[in-house]
Amino acid sequence: MMRKKTLSMVALAGATALTLAACGGGGDATDDGTAGGGETGAADGTTMRLSLNQTEEHPSFIALDNFGERLSEATDGRWDIEVYPNEVLGAQQESLQLVSEGGVEMAIVSGTQLENLNEDFLVFNLPKVFDDVEHQMSVVHDQEIVGDLYSSLEESDNLTVLGGFTQGARSVYTTSTAVETPADMAGMNLRVQESDLHIAMAEALGASATPMAFGEVYTALQSGVLDAGENNEVSYWTQKHFEVAPYWSYTNHLVGLDYLIINSDVLASMSEEDRAAFDEEWTAAYEEHTQLWDEATQDAIEQATAGGATFSEVDEEAFAEPLLALADQFINNDVQQALYDAARAAAE
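Residues numbered from 1 in each chain as written. Predicted model: local features only at pLDDT ≥ 70, side-chain atom pairs only at ≥ 80, totals over all residues. Heavy atoms only, no water.

A. Structural context of the overall build of the chain. The helix and strand inventory of the chain stands at 14 helices and nine strands. The long-range fraction of contacts in the chain, counting pairs at least 24 apart against all pairs at least 6 apart in sequence, stands at 74%. Accessible surface, the chain as shown: approximately 14900 Å² in total, 46% of it carbon and sulfur. (Helix = DSSP H or I, 4+ residues; strand = E, 2+ residues; numbered from the N terminus. Contact = heavy atoms within 4.5 Å. Areas by Shrake-Rupley, 256 points an atom, 1.4 Å probe, with all protein chains shown as cover.)

B. The packing of helix α2 (residues 59-74) against helix α12 (residues 272-306), seen in detail. Direction vectors running N to C along α2 and α12 enclose 155°, while the axes themselves pass 9 Å from each other. Between α2 and α12, the crossing angle belongs to the class labelled roughly antiparallel. In this structure, α2 meets α12 at a crossing whose hand is right-handed. Taking contact as the criterion, the partners of P59, S60, I62, A63, N66, F67, R70, L71 and A74 in α2 are, on α12, A277, F278, E281, W282, A284, A285, E288, H289, L292, W293 and A296. Looking at the contact of α2 with α12 residue by residue, the class counts come to 14 nonpolar, three polar and three charged. (Axes fitted to C-alpha atoms, helices over the stretch in contact; angles between N-to-C directions. Parallel < 35°, antiparallel > 145°, perpendicular 65-115°, else oblique. Left-handed = near helix turned anticlockwise from the far one by under 90°. Nonpolar A, V, L, I, M, F, W, Y, C, P; charged D, E, K, R; others polar.)

C. Just unusual backbone geometry, in detail. Although it is not a glycine, N86 sits at a positive phi angle of roughly 60°. Assignment of secondary structure puts N86 in the loop between β2 (79-84) and α3 (92-101). A residue is classified by how much of its surface remains accessible, and N86, at 37% relative accessible area, is partly exposed. One non-glycine residue, E87, adopts positive backbone phi at about 60°. As for its position among the elements, E87 is in the loop between β2 and α3. Given the relative accessible area of 37%, E87 is considered partly exposed. (Buried < 20%, exposed > 50% of the residue type's maximum accessible area, 1.4 Å probe, protein only.)

D. Expanded view of the packing of aromatic side chains. Tallying each qualifying case throughout the model produces 16 aromatic pairs. Between Y150 and Y259, the aromatic rings sit 6.0 Å apart at their centres with planes inclined by 85°, giving edge-to-face as the arrangement. Taken together, the residues Y150 in helix α6 (residues 143-150) and Y259 in strand β8 (residues 247-263) connect sequence positions 109 residues apart. Aromatic rings pair up to connect Y173, Y236, W237, F242, W248, Y250 and F311 into one cluster. A cation over a ring is seen here: K240 above W237, with NZ or CZ 5.5 Å from the ring centre. (Phe/Tyr/Trp six-rings, centres within 6.5 Å; stacked < 30°, edge-to-face > 60°. Lys NZ or Arg CZ within 6 Å of the ring centre and 35° of its normal.)

Right, here's the structure in full:
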């Protein structure tokens, strides 16, 4: 059975302050002057606040902002979404707490954040569980596969998972030379996120894991503390890592994922008609995001190439075997195995 952990009530000084700040504003004013927010009845018009850690130029903001506009139109103003970018409502961990408590109605959070609440979310964080973005999106929006997982936090944390936005396929980039096999990464210090899974992933790639905050990576690559990083092409370009690690090798070891979460009580308060409109417009939102992400990826590759980066293919089989072995290492219950098997079957 799945093992769940409820949100700690200890996170909190920051989260509580943010809750008070969010609630104190009373939400956004509606046309008739009534304040919006999760506690306002839909008949008066409800503006749901959505916390995002990206900028206004990011595909996630654009798709979510358009989601809100279409939802307002489809429900004749009964429901709207106001997106707050740049972590102004708090970082992802704080936003998760706020949505659970009702201080904020919605948020985008990473798979790692949800894994901290229910370890079964780990399955979709595994390397090679998804072949590509198209495969990923087909799985994470298939209710037959994810229905129980997405509703698993409703009773314990008052959170409903609605689906996901892709973070794109992640590959390795290095300071000195392109790599073709895991053997080529021997002795390299590879920056990874601070998790047991990502540390094991670095070792499967053939490198030595160096957990580090993302904001420190450019300087670490430039100074030689790091020999390599791993990310998607968009971050590679926007963070200018191509300037100090110009050799990109298409390991495609992981397709990253963000989730859209909503306060379960708020979702339950929608009428049947408005919930149908909400679901329809959410589908349009993640489809738009996927298209925007593809366009941003192609633009990033062109820009990084013009800036001196080179993009190379690798021996995919040489990398696939050690990466696929991580599933056996980290999957630890029948629920996780069933999710993994269903995800892999969807690729066939």
